[in-house]
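Coordinate analysis (summary)
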Amino acid sequence: MENQQMNRLAAAYRADLLYAVERAKQGNCAPCWQDYCLEELAAAKDTGAYPQDGDALQAELQRLTAVVPQITNREAEAAELAAYGGKLLFYLDRDRGTLVELAYLPAPGRYSACAYIDAQASRTDRPAYARSIAAQLDEWRQEQGIPFDKSTLPAHPADSDSGEFDTVEEALGYLYACLHCPDSVLC
C-alpha cells in the first residue's frame with residue numbers, strides 16, 4: 001500500500017515538473033512554480049516519491065528559466081483571475097513567504113483577501129516589515145480613491161471561513177488587521 005502511495009506521489013510530482021517545463025518554454029512559469037519545483041520537490045529526493053527523471057526535469061526547468069524570460073507571480077495571479085472574470089486589485093509578494101493580495105471575484109460578487117508574513121524574518125523586524133507593507137496598501141488604496149477608517153480595526157484579525165468578503169472595505173479591514181498583527185499570519 002505504501003509503495004502504491006509513493007508511486008502516485010512520484011507520478012504527481014513528475015506531472016508538476018512536466019507542467020512547469022512546458023510553461024517555462026512559453027515564459028509562463030512564475031517564480032512560485034519554479035520555487036515549488038526546484039525546492040519543495042527537491043525535498044522528496046532520495047525517497048520513493050521522487051520521480052526517476054526528476055533530476056533531468058529539474059535541470060531542464062533551470063535551463064529554460066535561465067534563458068527564457070518568465071512572468072512574475074503577480075502576472076500569473078492576474079491572468080488566473082482574469083480567466084474566470086475576476087480582477088486582481090492589490091498584490092505584493094516580497095519574498096517566498098510573504099504575500100498580501102486583494103481581488104474581486106465575479107461570482108458571487110465578493111472580494112478575496114489573504115495575507116501571509118514570512119516566519120523567517122526576525123521577530124523584532126516583523127512589525128516594521130508589516131508596517132511597510134501596510135504603507136504600500138495605503139498608497140494603493142489612496143490612488144484608487146477608496147476611503148477607509150482604520151480606527152474601526154479589531155485588535156486581531158477575525159478568521160474568515162473562506163477569505164471572502166462582501167465589500168472591499170471588509171476585505172481591507174481584514175488585511176490591515178493582519179498587517180497590524182503579523183504574528184497571526186505567519187507562513
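Details of the structure are given in the entry above.
Presented here is an overview of the structure given in this document. Computed from a predicted structure; not experimentally measured.

Attention shifts here to the packing of aromatic side chains. Taken as a whole and assessed by the stated rule, the structure comprises six aromatic pairs. Summarising the aromatic geometry, the rings of Phe148 and Tyr176 are spaced 5.2 Å apart at their centres and angled 35 degrees between planes, so their arrangement reads as tilted. Note that Phe148 is positioned in the loop between helix H5 (126-143) and strand S4 (164-165) and Tyr176 in helix H6 (residues 168-180), a separation of 28 residues in sequence. In this structure, Phe148 and Tyr176 share a single accessibility class: buried. An angle of 35 degrees between the planes, with centres 5.3 Å apart, marks the rings of Phe165 and Tyr174 as tilted. Of the aromatic side chains, those joined through ring pairs into one cluster are Tyr19, Trp33 and Tyr36.

What follows is about the pattern of salt bridges. Evaluated as defined, the whole model comprises eight salt bridges. Between Asp53 and Arg14 there is a salt bridge; the shortest N-O distance is 2.9 Å. Residue Asp53 is found in the loop between helix H2 (31-40) and helix H3 (54-67), and its partner Arg14 is found in helix H1 (residues 2-25); the two are separated by 39 residues along the sequence. Using a relative accessible area of 35% as the deciding quantity, one classes Arg14 as partly exposed. Between Arg110 and Asp166 there is a salt bridge, with its nearest N and O atoms 3.1 Å apart. In this pair, Arg110 is assigned in strand S3 (residues 110-116) and Asp166 in the loop between S4 and H6, connecting sequence segments 56 residues apart. What makes Arg110 partly exposed here is its relative accessible area of 22%. By sharing partners, the salt bridges in this structure join Arg110, Glu164 and Asp166 into a single network.

Below, the discussion takes up the pairing of S3. Along a regular strand, successive side chains alternate from one face of the sheet to the other. A large share of S3 lies buried, amounting to five of its seven residues. Looking at chain direction, strand S2 (residues 98-105) and S3 are connected through seven bridges and run antiparallel. Considered in S3, the bridge of Leu105 is made with Arg110. In sequence, S2 turns back onto S3 through a hairpin of four residues, with Gly109 there showing a positive phi of about 75 degrees. Relative to S4, S3 runs antiparallel, the two sharing two bridges. Within S4, the position partnered with Tyr111 by the bridge is Phe165.

The axes of two packed helices give the description: the angle between them and the distance between them. Direction vectors running N to C along H1 and H3 enclose 20 degrees, while the axes themselves pass 9 Å from each other. It follows that H1 is roughly parallel to H3 by the angle criterion. Crossing handedness for the pair H1 and H3: left-handed. Contact residues: Arg14, Leu17, Leu18, Ala20, Val21, Ala24 and Lys25 in H1; Gly54, Leu57, Gln58, Glu60, Leu61, Leu64 and Thr65 in H3.

Here we take up unusual backbone geometry. One non-glycine residue, Asp46, lies in the positive phi region at around 65 degrees. Classification of Asp46 as exposed rests on a relative accessible area of 76%.

Attention shifts here to the nonpolar core. With 27 residues, the main nonpolar core has Leu102, Leu137, Trp140, Leu172, Leu175 and Leu179 as its most contacted residues. Element by element, the count of residues in this core is highest for H6, at eight residues. Discounting residues that sit within four places of it in the chain, Leu102 has contacts with Leu88, Leu89, Phe90, Tyr111, Ser112, Ala113, Trp140, Val168, Ala171, Leu172 and Leu175. With 14 residues, the next largest nonpolar core counts Tyr13, Ala44, Leu57 and Leu61 among its residues.

Thresholds, definitions, all that
- Residues numbered from 1 in each chain as written.
- Predicted model: local features only at pLDDT ≥ 70, side-chain atom pairs only at ≥ 80, totals over all residues.
- Heavy atoms only, no water.
- Phe/Tyr/Trp six-rings, centres within 6.5 Å; stacked < 30°, edge-to-face > 60°.
- Helix = DSSP H or I, 4+ residues; strand = E, 2+ residues; numbered from the N terminus.
- Buried < 20%, exposed > 50% of the residue type's maximum accessible area, 1.4 Å probe, protein only.
- Salt bridge = Lys/Arg side-chain N within 4 Å of Asp/Glu carboxyl O.
- Pairing = 2+ DSSP bridges.
- Axes fitted to C-alpha atoms, helices over the stretch in contact; angles between N-to-C directions.
- Parallel < 35°, antiparallel > 145°, perpendicular 65-115°, else oblique.
- Left-handed = near helix turned anticlockwise from the far one by under 90°.
- Contact = heavy atoms within 4.5 Å.
- Core = buried A, V, L, I, M, F, W, Y, C linked by side-chain atoms within 4.5 Å.

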